[in-house]
Amino acid sequence: MAGELPLFPLQTPLFPGGLLGLTVFEARYLDLITACLRSRRPFGVVALRAGSEVRRSGEAVRFEPVGTLAELISADSEQPGILLVRCRGTTRFRVEASRQQADGLWLAHTHPIADDAVLAPDESLIDSVRALAATIPTLKNSKNESPFLEPHRFDNAGWVANRWCEILPISPAAKQKLMELPDPAVRLELVDDFLRSKGVIK
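Just so we're clear, the structure is a prediction, and the values are computed from it rather than from any experiment.

Criteria and cut-off values
- All residue numbers refer to position in the chain's written sequence, counted from 1.
- It should be noted that, the model being predicted, local features are given only for residues of pLDDT at least 70 and side-chain atom pairs only at 80 or more, the latter also being counted only at that level, while totals for whole chains, interfaces and linings use all residues.
- The basis for every side-chain value is the complete set of non-hydrogen atoms in the structure, without hydrogens or water.
- Definition used in this section: a nonpolar core is a set of buried Ala, Val, Leu, Ile, Met, Phe, Trp, Tyr and Cys residues joined via side-chain atoms within 4.5 Å.
- Think of it in three bands: residues with accessible area under 20% of the maximum for their type are buried, residues over 50% are exposed, and the middle band is partly exposed, with areas taken using a 1.4 Å probe on protein chains only.
- In this text, helices come from DSSP runs of H or I with a minimum length of four residues, and strands from runs of E with a minimum of two, each type numbered from the N-terminal end.
- Two residues qualify as a contact provided that any one of their heavy atoms is within 4.5 Å of a heavy atom in the partner residue.
- A side-chain nitrogen of Lys or Arg and a carboxyl oxygen of Asp or Glu constitute a salt bridge if their distance falls within 4 Å.
- Here the expected span of a helix is defined as 1.5 Å times the quantity of residues minus one.
- By arc we mean the arc of the directions from the helix axis to the C-beta atoms, nothing more.
- Polar contacts, as used here, are pairs of N or O atoms within 3.5 Å; protein pairs need one atom able to donate a hydrogen and one able to accept it. Residues neighboring in sequence count only if both atoms are side-chain atoms.
- Here an axis means a line fitted to C-alpha atoms, over the contact stretch when the element is a helix, while the angle between two N-to-C directions is reported on a 0 to 180 degree scale.
- Comment on the angle field: the value is read as roughly parallel under 35 degrees, roughly antiparallel over 145, roughly perpendicular from 65 to 115, and oblique elsewhere.
- Helix crossings fall into two classes, left-handed where the near helix is turned counterclockwise from the far one by less than a right angle and right-handed where it is turned clockwise.
- When residues are sorted by character, Ala, Val, Leu, Ile, Met, Phe, Trp, Tyr, Cys and Pro go into the nonpolar class, Asp, Glu, Lys and Arg into the charged class, and all the rest, Gly among them, into the polar class.

1. So, the nonpolar core
With 22 residues, the main nonpolar core has L132, V160, W164, L168, L188, V191 and L195 as its most contacted residues. It is helix α3 (residues 157–167) that contributes the most residues to this core, six residues altogether. Excluding residues that lie within four positions of it along the chain, V160 makes contacts with V129, L132, R153, F154 and L188. In terms of nonpolar packing, the next biggest core, distinct from the first, is built from 20 residues, F8, L10, L30 and I33 among them.

Written out as structure tokens, the structure reads:
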């Protein structure tokens with residue numbers, strides 16, 4: 001396992017800077033989280049192309065070639081055999097080779113992808129920035145918790161685009177393509193186009 005990154009395939013991609021909440025109960029993932037807590041190392045989140053998050057006998061699993069490292073923030077056990085996990089998305093990576101262990105856990109050799117350049121949103125996209133700021137208070141859950149980690153970076157085009165991508169009603173495949181884009185300014189432009197097409201901003 002040395003040099004290999006453990007993977008956690010999910011139905012949707014994780015974006016850098018994003019908050020990921022997981023309810024973990026399968027033995028392979030309980031072991032994974034325990035090992036990551038002990039070693040203080042991240043694991044990889046990849047979006048599924050085929051198959052399900054829960055292991056099913058004989059089911060083929062395929063996942064996207066680009067994923068995001070997940071850094072553990074907390075792991076709490078409210079009942080035996082179940083962990084409630086909170087993670088932060090950090091660096092993207094490309095899967096170069098992967099294999100599945102006997103217990104079903106996927107391991108991969110990966111190559112890191114450069115982080116987004118820190119760019120201020122273009123003046124023409126400021127309405128998208130303001131709309132996100134106005135939307136955040138409406139997204140808080142019953143515990144008054146925001147779906148976004150602080151600090152909020154409204155001065156960063158990539159951060160704004162990523163947070164919109166997380167909450168927009170678009171397909172996981174579309175979210176994956178947006179996550180993979182190397183230019184955060186282009187990602188925010190595409191988000192802005194979508195918001196305007198839906199009348200969210202004018």
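2. Regarding the pattern of salt bridges
Tallied over the entire structure, the rule returns 11 salt bridges. We note a salt bridge from D127 to R130, for which the minimum N-O separation is 4.0 Å. Here D127 and its partner R130 are both found in helix α2 (residues 126–135), three residues apart, which amounts to about one turn of the helix. When its relative accessible area of 57% is taken as the criterion, R130 is described as exposed. Residues joined in a network through salt bridges with shared partners are D127, R130, D192 and R196.

3. Quick word on helix α5 (residues 184–197)
Look at α5: 20 Å from first C-alpha to last across 14 residues, which is about the 20 Å you get at 1.5 Å a residue. Residues P184, R187, L188, V191, D192 and L195 constitute the buried set of α5. One side of α5 holds all its buried residues, which, seen down the axis, span an arc of 140°. Next to the buried residues of α5 lie β6 (82–100), α2, α3 and α4 (172–180).

4. Overview of α3
In terms of burial, α3 is largely enclosed, as nine of its 11 residues are buried. Within α3 the residues assigned to the buried category are A157, G158, W159, V160, A161, N162, R163, W164 and C165. Structurally, α3 contributes buried residues whose contacts are with α2, α4 and α5. The distance from a side-chain oxygen at the start of α3 to the backbone nitrogen of G158 is 3.0 Å, and the residue carrying that oxygen is N156.

5. As for the packing of α2 against α3
Running from N to C, α2 and α3 cross one another at 55°; their axes reach a closest spacing of 10 Å. The orientation of α2 with respect to α3, classified from their angle, is oblique. Handedness of the crossing formed by α2 with α3: left-handed. Between α2, through S128, V129, A131, L132 and T135, and α3, the contact on the second element is made entirely by W159, V160, R163, W164 and I167. Taken together, the residues of the contact of α2 with α3 sort by class into seven nonpolar, two polar and one charged.

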